[in-house]
Amino acid sequence: MMDRDAANVVAFSGGVDSSLVADLVYRTFSSHTNLSYSKANNASNSTINTGSVQAVLGISSAVPQTQITMARAVAETIGIQLVEVTTTEGSDETYIKNDGHACYVCKTHLYSTLKSVANSVKRQHQEKSPEKSGGRTVILYNGTNADDTQDPTRLGLHAASNFKVLSPLDQITKDEVRQAAKHLGLPNWNAAASPCLRSRLAMGVMATSDHLKAVEKAEEFVRRVLVLDESRNVRVRMLAGGKAMVELDDRALGTSDLLAENGMEDLLISELGFQSWGVRGFKTGSVAAMPTGDKSLDSVKVNL
């Protein structure tokens, strides 16, 4: 799957799935590189790798700062080059509308950006070594696992297919991903899933920068007051009518009274503009929904 002569680019978020892919691609590439250099020292006609490998982190209002910090730390642990690029889904009207197609639009922007990064690396290599880069290709990877492929709301998988993104983990479950990440010594092997902030917004709630920043700040407050580390699930959903819904795992629900005692209502209503709030048990994808109507993804307008 990995091509030592290609521009290998991993869609990297700092989550355990993409971290495992980044680690595996980097290890495989490095082992081929070392082998090639070893052979080159013993045979004058041996060919040294002409490829590259990068992890690319898309930066936007939908990515919390804690996730960016985690991504940087994990990339350093792996040893892979991390490239941070600004993505533009936040200015796309279809994404902002959040009518069920936002995930598809977001991933289309992401993979388009990744491909541009890879092509730039490819051009740089061609300028430096034109005699070795004639057939150099671009390969994109993501961290989609087998559980993800069973979720019909993950329309971003269609975008991945459009860009021919490879998914090395699509035959193993999330639990198996964590086991492998632990075995390889990745520091985030037990970190709770941390999807983009847009996933906190109920369908129809506009995916504006202000809304995304509001849920990020609210979640930071919840984690700080309840002393919840990255292994614990926390969500602050933005529901219709401006209601904030705090979702906590079972162990944290019993301490939720501390939120009100420490000023949660002032934060949510006076500072962040919510109209009301509540607390309930955590459920993965509790506000995820399929778009209504018969509109096909091929007809969804993406403003790249």
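Notes on the structure follow. (Residues numbered from 1 in each chain as written. Predicted model: local features only at pLDDT ≥ 70, side-chain atom pairs only at ≥ 80, totals over all residues. Heavy atoms only, no water.)

1. Some words on the pattern of salt bridges
Definition in use: Definition used for salt bridges: Asp or Glu carboxyl oxygen within 4 Å of a side-chain nitrogen of Lys or Arg. Numbering of helices and strands starts at the N terminus; helices are DSSP runs of H or I of at least 4 residues and strands are runs of E of at least 2. Each residue is assigned to one of three classes by its accessible area relative to the maximum for its type, calculated with a 1.4 Å probe on protein chains only: buried under 20%, partly exposed between the two thresholds, exposed over 50%.
Evaluation of the coordinates by the stated rule reveals 10 salt bridges. One salt bridge connects E219 with R200, and the closest N-O pair in it is separated by 2.7 Å. With E219 in helix α7 (residues 209-226) and R200 in the loop between α6 (174-183) and α7, this pair connects stretches of sequence that are 19 residues apart. The same class applies to E219 and to R200, which are both buried. R237 is the partner of E247 in a salt bridge, and the nearest nitrogen-oxygen pair spans 3.2 Å. Here the residue E247 occupies a position in strand β6 (residues 243-248), and R237 occupies one in strand β5 (residues 234-239), the gap between them amounting to 10 residues. Under the relative-accessibility criterion, R237 is labelled buried at 2%. Connected through salt bridges with shared partners, the residues D148, D151 and R154 form a single ionic network.

2. A look at the sheet that holds β6
Stated precisely, the cut-off is as follows: Following DSSP output, two strands are said to pair if at least two bridges run between them. Here, axes are lines fitted to C-alpha atoms. For helices the fit covers the stretch in contact, and angles between N-to-C directions go from 0 to 180 degrees. Residue contacts are counted whenever heavy atoms from the two residues lie within 4.5 Å of one another.
Taken together, 3 strands build an open sheet; the order of strands is β5-β6-β7 and the sheet is mixed. The open sheet terminates on both sides in strands that have one partner only, identified here as β5 and β7 (276-281). This sheet shows a mean twist of 25° between the axes of neighbouring strands, independent of strand direction. Judged from the 6 bridges that link them, β6 and β7 form a sheet pairing that is parallel. Bridge pairing in β7 places A244 opposite W277. Along the sheet face, α7 touches β5 and β6 and points at about 145° away from the line of β5. Against the sheet, helix α10 (residues 264-271) contacts β6 and β7, and its axis sits at roughly 130° relative to β7.

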